[in-house]
Amino acid sequence: MFNIRKIQEQVIFGAVKAESNETMAQTIVNGASESNPVWVKNTMKRLEDNFDLLTVKKIRMNCQCGYAMDEKLALVKELMASAANLEEFANQPKAKTAGLSYHDDELYLQFPFCPCPMLAEVDKLNSNTWCQCTTGYSKVLFEKAFGCQVDVELLKSIKMGDEICLMKITPLGNIHFN
């Protein structure tokens, strides 16, 4: 059975340990008796209490679970094969269905729902810390597809009270279409 909580505990532990040590990682992940919504909020609070904001973001971006990455990567590559630039890439019907858009020379990815299964029972988050794993997921996805470094900025989050989840995807190098 797919246990997203166990997966998140493991990836958070590994990401914290990489930035600190095993003791700190255990302190952050500790909360076995907490329900998922309580654990999510408390784990993020423990992260925020023990690390500066840039390190918290780096840790969370490294916590992406990679769920369904292969199929999403195949879709992005399919879209790239029939485009000559980012505008054409994002304006295809399949791209729009997937939540991609392009305006003002910028690429965006949006969801009308929260894509994170760990947040299904969470009503509202106190910060966007948890959502940074989605920016990490998108960074990995688009870097693999585009073949260059990508910056991903979280602009809106449903769990923070916004109507959509919205990220800006900024390629930092040349993208090879077709």
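Everything here concerns the structure above.
Not measured: the values here are computed from a predicted model.

A. Main features of the pairing of strand β1 (residues 100-103). Direction of pairing for β1 relative to strand β2 (residues 106-111): antiparallel, over a ladder of four bridges. Bridging from a neighbouring strand, Tyr102 pairs with Leu107 of β2. Where β1 folds back on β2, the antiparallel hairpin that results is connected by two residues, among which Asp104 adopts a positive phi of roughly 55°.

B. Region of interest: the packing of helix α1 (residues 4-19) against helix α4 (residues 53-61). Contact pair α1 / α4: the axes reach a minimum separation of 8 Å and the direction vectors enclose 135°. Taken as axis vectors, α1 and α4 run oblique relative to one another. Read as a crossing pair, α1 and α4 show a hand that is right-handed. On α4, the residues touching Gln8, Ile12, Ala15, Val16 and Glu19 of α1 are Thr55, Lys58, Ile59 and Arg60. Of the residues in the contact of α1 with α4, the class split is four nonpolar, two polar and three charged.

C. Region of the structure containing the packing of α1 against helix α2 (residues 22-29). Close contact between α1 and α2 brings their axes to 8 Å; oriented N to C, the two are set at 145°. Remark: the crossing between α1 and α2 carries right-handed chirality. Together, Glu9, Ile12, Phe13, Val16 and Lys17 of α1 and Glu22, Met24, Ala25, Gln26, Ile28 and Val29 of α2 make up the contact between the two elements. For the contact of α1 with α2, the class distribution of residues is seven nonpolar, one polar and three charged.

D. Region of the structure containing a negative patch on the surface. A cluster of like negative charges, contributed by Glu87, Glu88, Asp104 and Asp105, occupies part of the molecular surface. Position of Glu88 relative to the elements: it lies in helix α6 (residues 86-90). Given a relative accessible area of 39%, Glu88 falls into the partly exposed group.

E. Spatial organisation of the pattern of salt bridges. Taken as a whole and judged by the stated rule, the model has eleven salt bridges. Among the ionic pairs, Arg46 bridges to Glu34, the shortest N-O distance being 3.7 Å. Within this pair, whereas Arg46 is found in helix α3 (residues 36-50), its partner Glu34 is found in the loop between α2 and α3, the two being separated by twelve residues in sequence. You'll find Arg46 and Glu34 in the same group, each marked buried. In this structure, Glu163 and Lys156 form a salt bridge, with 3.0 Å as the shortest nitrogen-oxygen distance. By relative accessible area, Glu163 is classed as exposed at 53%.

What counts and how
- Residues numbered from 1 in each chain as written.
- Predicted model: local features only at pLDDT ≥ 70, side-chain atom pairs only at ≥ 80, totals over all residues.
- Heavy atoms only, no water.
- Pairing = 2+ DSSP bridges.
- Helix = DSSP H or I, 4+ residues; strand = E, 2+ residues; numbered from the N terminus.
- Axes fitted to C-alpha atoms, helices over the stretch in contact; angles between N-to-C directions.
- Parallel < 35°, antiparallel > 145°, perpendicular 65-115°, else oblique.
- Left-handed = near helix turned anticlockwise from the far one by under 90°.
- Contact = heavy atoms within 4.5 Å.
- Nonpolar A, V, L, I, M, F, W, Y, C, P; charged D, E, K, R; others polar.
- Patch = residues over 30% accessible without salt bridge, like charges linked within 9 Å, V, L, I, M, F, W, Y side chains within 5 Å.
- Areas by Shrake-Rupley, 256 points an atom, 1.4 Å probe, with all protein chains shown as cover.
- Salt bridge = Lys/Arg side-chain N within 4 Å of Asp/Glu carboxyl O.
- Lys, Arg positive; Asp, Glu negative; His and termini not counted.
- Charge placed at Lys NZ, Arg CZ, Asp CG, Glu CD.
- Buried < 20%, exposed > 50% of the residue type's maximum accessible area, 1.4 Å probe, protein only.

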